[in-house]
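# A look at the structure
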Amino acid sequence: MEKPGRNFAPCYPTSPPTVMDSHIADEKLKQLHVEDSTVTANDRKAADFDIDPVAEKKLLRKIDLRLVPVLWFLYMLAFLDRTNIGNAKIQGMTEDLHMTGDDYNIALFSFFITYILFEVPSNIIIKRVRPSLYLSGIMVCWGIATIGQGLVTNVGGLIGLRLVIGFFEAGFFPGCLYLLAMYYKRYELQWRFNLFFSGAILAGSFSGLLAYGIANMDGVRGYGGWSWIFIIEGMLTVVCALGSWWIIPDWPETATFLTDEERTLLIARLSADVGDAKLNRLDKAATKRIFSDWKIWCSIIMYGGVVCTGYSTSFFVPTIIKELGYTAKAAQVRSIPIFLVATIVTFGVAWLSDRLRHRYAFCMIGICIATIGYVVLLCQESVSIQGRYGAIFLIVTGGYTCQPVAIAWVQNNMAGHYKRSISSAMMIGFGNIGGIIASNIFITSQAPRYPVGYGTALGLLWLCALACTVFVLGVRSENKKRDRGERDHLLEGPDSDNLGDANPRFRFTY
């Protein structure tokens with residue numbers, strides 16, 4: 001858990017809150033501007049800047065209602081477009097496109113080639129533009145490509161469009177994570193992030209439900225049911241993306257849905273949370289500090305290990321259920337409760353994690369739950385159909401318990417605009433190599449046992465556990481060194497105002 005460092009915890013006056021005129025609020029906003037902030041906790045105390053608990057609670061509620069629901073809904077659409085190929089597969093896509101051998105696996109992992117390559121550049125771009133314009137713009141583009149998937153007549157066309165979707169989706173998830181992290185304090189983020197992330201989990205349920213209904217359109221205007229899955233869901237994305245331009249908030253400094261006083265209060269409380277840990281100039285020293293940070297590379301292994309389970313369930317759950325003996329439609333329906341249960345558990349874990357101010361144990365609990373499910377499926381020859389179906393619940397629930405906690409945990413330990421931007425993109429981008437692995441380990445010839453698929457996913461899950469353990473031991477050790485003053489010399493350097501989480505007064509969370 002987080003330990004307060006020396007001179008770090010902000011001290012607020014006990015006098016009644018000051019009501020500020022708009023011009024005074026504007027001046028304070030300039031002083032507290034997130035991008036170029038030089039204000040410190042002591043400066044705020046000297047300026048007698050009060051944080052009214054009632055106003056703060058009202059502000060949080062306003063942000064929650066404006067920011068989280070829209071990002072949740074859009075992320076659900078994004079994940080639908082990314083993974084609906086799993087539903088299309090069992091509705092006749094492989095037969096109509098004459099897919100043989102590993103064609104389906106190639107179509108899956110082609111998405112990740114462009115997705116991985118363009119994560120970091122995309123998050124650097126969003127730092128310099130309006131999130132509302134950028135996020136809605138890339139959504140329109142991948143929505144059009146999703147529609148195109150329903151119109152293709154061969155495998156090559158499908159693979160090409162998967163590359164396009166990966167290119168445009170690359171900036172969405174890390175961009176949303178970055179935007180959320182800029183609005184909330186560290187122990188407020190997990191609950192909000194899990195609400196947002198539940199869009200991906202619920203996409204599994206909605207995907208099954210939509211596929212069940214759309215399958216009845218098989219043959220309409222000469223298109224198969226699988227084609228209509230892509231066409232209708234892609235059209236939904238385009239329409240919603242166009243409307244979201246006016247709804248997605250921009251950065252805290254320019255958020256038009258907040259008043260001047262609310263923006264000032266928001267930036268003040270965020271500045272208090274990270275203290276002097278700013279990294280808002282991307283110069284040579286800062287670039288070296290970011291890319292040499294062991295925490296980022298450790299987070300890539302954490303995410304890559306657990307995301308393999310996430311994508312395995314999204315891509316292959318409908319197929320796995322069908323191979324238990326159900327029809328295609330029955331398999332679509334039976335995938336719905338799996339993801340609903342995972343969503344409920346994820347909400348509970350998020351609340352507890354923020355309440356207890358702890359992350360590591362929840363990652364390990366999720367990994368252990370998923371492990372039980374994998375072991376059952378690896379021994380499925382002696383397990384009933386009901387037991388195998390139940391094992392899928394454990395795998396999905398365990399994986400989605402760990403994954404969002406790991407993401408928010410890493411963001412809690414990054415400070416500074418550029419550091420958060422690049423670290424989230426690297427973790428999600430390079431970590432999605434796990435998605436490439438997930439796309440290729442469920443070998444058609446091994447159905448329905450899939451020993452390579454389940455065994456590999458289980459191994460990667462425990463690689464995630466090892467990385468989580470290294471991470472928690474590392475940040476605890478670093479906190480102790482800072483408590484002993486072993487990092488204080490960094491404050492004497494020429495870039496002492498641009499250290500980010502390397503600032504000796506910053507304390508890591510675990």
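Just above, that's the structure.
Anyway, here's the lowdown on the structure attached to this text. (Residues numbered from 1 in each chain as written. Predicted model: local features only at pLDDT ≥ 70, side-chain atom pairs only at ≥ 80, totals over all residues. Heavy atoms only, no water.)

Our next topic: the packing of aromatic side chains. Under the definition given, this model contains 36 aromatic pairs. Among the aromatic residues, those joined into a cluster by ring pairs are Tyr 75, Phe 79, Phe 111, Phe 112, Tyr 115, Phe 173, Phe 193, Phe 196, Phe 197, Tyr 311 and Tyr 400. The ring of Tyr 104 has Lys 89 sitting right over it, with the charged end atom 4.9 Å from the ring centre. (Phe/Tyr/Trp six-rings, centres within 6.5 Å; stacked < 30°, edge-to-face > 60°. Lys NZ or Arg CZ within 6 Å of the ring centre and 35° of its normal.)

In this structure, Met 93, Phe 172, Phe 173 and Phe 193 are the most contacted members of the largest nonpolar core, which totals 146 residues. With residues near it in sequence (within four places) discarded, Met 93 still touches Ile 85, Ala 88, Met 99, Tyr 104, Leu 158, Trp 226 and Phe 230. Membership of the second largest hydrophobic core comes to five residues, among which are Ala 211, Ile 214, Ile 229 and Ile 231. (Core = buried A, V, L, I, M, F, W, Y, C linked by side-chain atoms within 4.5 Å. Buried < 20%, exposed > 50% of the residue type's maximum accessible area, 1.4 Å probe, protein only. Contact = heavy atoms within 4.5 Å.)

Nonpolar side chains collect at one region of the surface, where Trp 294, Ile 301, Leu 463, Leu 466 and Val 470 lie side by side and expose about 450 Å² of accessible area between them. Contributing elements (two or more residues each) for the nonpolar patch: α14 (294-322) and α21 (451-483). Sort the elements by how many residues they give to the nonpolar patch and α21 lands first, with three residues. Looking at Trp 294, the relative accessible area reads 38%, which means it is partly exposed. (Patch = residues over 30% accessible without salt bridge, like charges linked within 9 Å, V, L, I, M, F, W, Y side chains within 5 Å. Areas by Shrake-Rupley, 256 points an atom, 1.4 Å probe, with all protein chains shown as cover. Salt bridge = Lys/Arg side-chain N within 4 Å of Asp/Glu carboxyl O. Helix = DSSP H or I, 4+ residues; strand = E, 2+ residues; numbered from the N terminus.)

Among the structural elements, Asp 483 can be located in helix α21. For the pair Asp 483 and Arg 507, spaced 24 residues apart in the sequence, the C-alpha separation amounts to 9.1 Å.

Time to look at helix α20 (residues 433-441). Every buried residue belonging to α20 is among Gly 434, Gly 435, Ala 438, Ser 439 and Ile 441, and all of these are buried. Those residues of α20 that are buried lie in contact with α5 (103-117), α14, α19 (417-431) and α21.

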